[in-house]
Amino acid sequence: MAQQADTRKIRMIMGLRSQGISDINVLSAIEKIPREVFVSENFEDQAYENRALSIGLGQTISQPQIVAVMTQTLDLNDRHKVLEVGTGSGYQAVVLASLCRRLYTIERHAPLLELAEKRFEYLGVRNITAVVGDGMLGWIEQAPFERIIVTAAAKNNAPPALIEQLAVGGLLVIPIERSSGDQVLRLYRKEGDKTYAMKDIMPVRFVPLLPDVASGV
Ligand code: SAH
């Protein structure tokens, strides 16, 4: 079983390399983190396939390729304080936390956050601070962040609070849903207090970024 998981994992890493992931730190972080811990038992055998998987409450753990592209785009180092909006399963959070100083992550579904926190503890990851909330508002007490990542699609533009809470010189990566309905992964670079540059990276498909904390289910 463990052997099988290893083979599948190696195949996944080779796939990421052929899809243009070249950052060795990103590849080795992904290689180290057991993705099967983040999916429910009935999906365990698909944990190393390059696809998004359901994590309940209508949400998904992102496809490994997208996790890798977003992480590589953020160009992280161990001095960075990073904000993630959309904790979900916690998988992307653990990948980020292994490459930065401290990760702050926000999730609007309390039951998902609770499960994700158990996984952080199980894996012995100690540099993540997680909270239930509306990530569209950012995390003002902890701002500014050198890097921000949003793992749910915003309509038309990045939420203004997130751009505000980005440090000058910082990067924000976020899926944007355009008026046509399709989504693109967009990178913002904050150049001055009120100025930023943007670059579109690739087409993507994410669940929507929604306001407020989700009410009980
Ligand atoms: N990064 C996750 C993928 C999560 S899917 C992983 O690795 O598994 C996107 C998540 O964003 C969902 O769990 C959804 O509930 C959450 N979300 C959507 N809008 C949000 C908001 N405004 N604030 C916080 N979380 C949000």
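Owing to the predicted nature of the structure, the values given are computational and were not obtained by experimental measurement.

Draft legend 1. A look at the overall build of the protein. For the protein, the count of helices and strands is six helices and 10 strands. For the protein, whose C-alpha radius of gyration is 16 Å, the value lies close to the compact-globule estimate of 17 Å for 217 residues. Principal-axis analysis of the C-alpha atoms gives the protein an extent of 50 × 40 × 40 Å. Look at the contacts in the protein between residues 6 or more apart in sequence, and 53% of them connect residues 24 or more apart. Of the accessible surface of the protein, which amounts to about 10,700 Å², a share of 50% is contributed by carbon and sulfur atoms. Across the protein, the 24 positively charged side chains and the 25 negatively charged ones have centroids separated by 4 Å.

Draft legend 2. Here's a closer look at the site of the ligand. Lining the immediate surroundings of the ligand are 28 residues, of which S89, E107, D134, G135 and L210 lie closest. Within the backbone of G135, one N or O atom sits 2.8 Å away from a nitrogen atom of the ligand. Within the side chain of T151, a nitrogen or oxygen atom sits 3.1 Å from a nitrogen atom of the ligand. Put simply, the parts of the chain that give the shell around the ligand at least two residues each are β2 (59-61), β3 (81-85), α4 (91-97) and β4 (102-107). The element best represented in the shell around the ligand is β2, accounting for three residues. In the shell around the ligand, the residues fall into 11 nonpolar, 13 polar and four charged.

Draft legend 3. Expanded view of the environment of Q72. Tracing the chain through its elements places Q72 in helix α3 (residues 64-74). Each C-alpha atom of the pair Q72 and W139 lies 23 Å from the other, and the pair is 67 residues apart in sequence. Once you skip the residues sitting within four places of it in the chain, Q72 turns out to touch G20, I21, S22, D23 and V26. A polar side-chain atom of Q72 sits 2.9 Å from the main-chain amide nitrogen of D23.

Draft legend 4. Representation of helix α5 (residues 110-122) within the structure. Along its 13 residues, α5 runs 19 Å from first to last C-alpha, staying within 8% of the 18 Å computed at 1.5 Å per residue. Within α5 the residues assigned to the buried category are L112, L113, A116, R119 and F120. Projected onto a plane normal to the axis of α5, the buried residues spread over an arc of 120 degrees and lie on a single side. Exposed and facing more than 90 degrees away from the buried side of α5 are K118, E121 and Y122. Buried residues in α5 make contact with β1 (53-56), β2, α4, β4 and β5 (128-132).

Draft legend 5. Layout of the pairing of strand β9 (residues 183-190). The buried fraction of β9 is high, at seven of eight residues. Sheet topology places strand β8 (residues 166-177) next to β9; seven bridges connect them, and they run antiparallel. Counted as the bridge partner of L172 is Y188 from β9. With antiparallel pairing between neighbouring strands as the criterion, β8 and β9 make up a hairpin whose turn holds five residues, including G181 at a positive phi of roughly 100 degrees. Pairing geometry for β9 and strand β10 (residues 196-204), over eight bridges, is antiparallel. Bridging from a neighbouring strand, L185 pairs with M202 of β10. Count of turn residues in the β9/β10 antiparallel hairpin: five residues.

Draft legend 6. Summary view of helix α2 (residues 24-32). Considered for burial, the residues of α2 that qualify are V26, L27, A29 and I30. Projected down its long axis, α2 shows its buried positions confined to an angular sector of 160 degrees, all on one face. Across α2 from its buried face, at more than 90 degrees, point the exposed residues I24 and K32. For α2, the capping residue at the N-terminal end is D23, with a side-chain oxygen 2.9 Å from the backbone nitrogen of N25.

Definitions and cut-offs
- Residues numbered from 1 in each chain as written.
- Predicted model: local features only at pLDDT ≥ 70, side-chain atom pairs only at ≥ 80, totals over all residues.
- Heavy atoms only, no water.
- Helix = DSSP H or I, 4+ residues; strand = E, 2+ residues; numbered from the N terminus.
- Rg over C-alpha atoms; globule rule 2.2 N^0.38 Å.
- Contact = heavy atoms within 4.5 Å.
- Areas by Shrake-Rupley, 256 points an atom, 1.4 Å probe, with all protein chains shown as cover.
- Lys, Arg positive; Asp, Glu negative; His and termini not counted.
- Charge placed at Lys NZ, Arg CZ, Asp CG, Glu CD.
- Near = heavy atom within 4 Å.
- Polar contact = N/O pair within 3.5 Å; in protein donor to acceptor, adjacent residues only side chain to side chain.
- Nonpolar A, V, L, I, M, F, W, Y, C, P; charged D, E, K, R; others polar.
- Expected span 1.5 Å × (residues − 1).
- Buried < 20%, exposed > 50% of the residue type's maximum accessible area, 1.4 Å probe, protein only.
- Arc of directions from axis to C-beta.
- Pairing = 2+ DSSP bridges.

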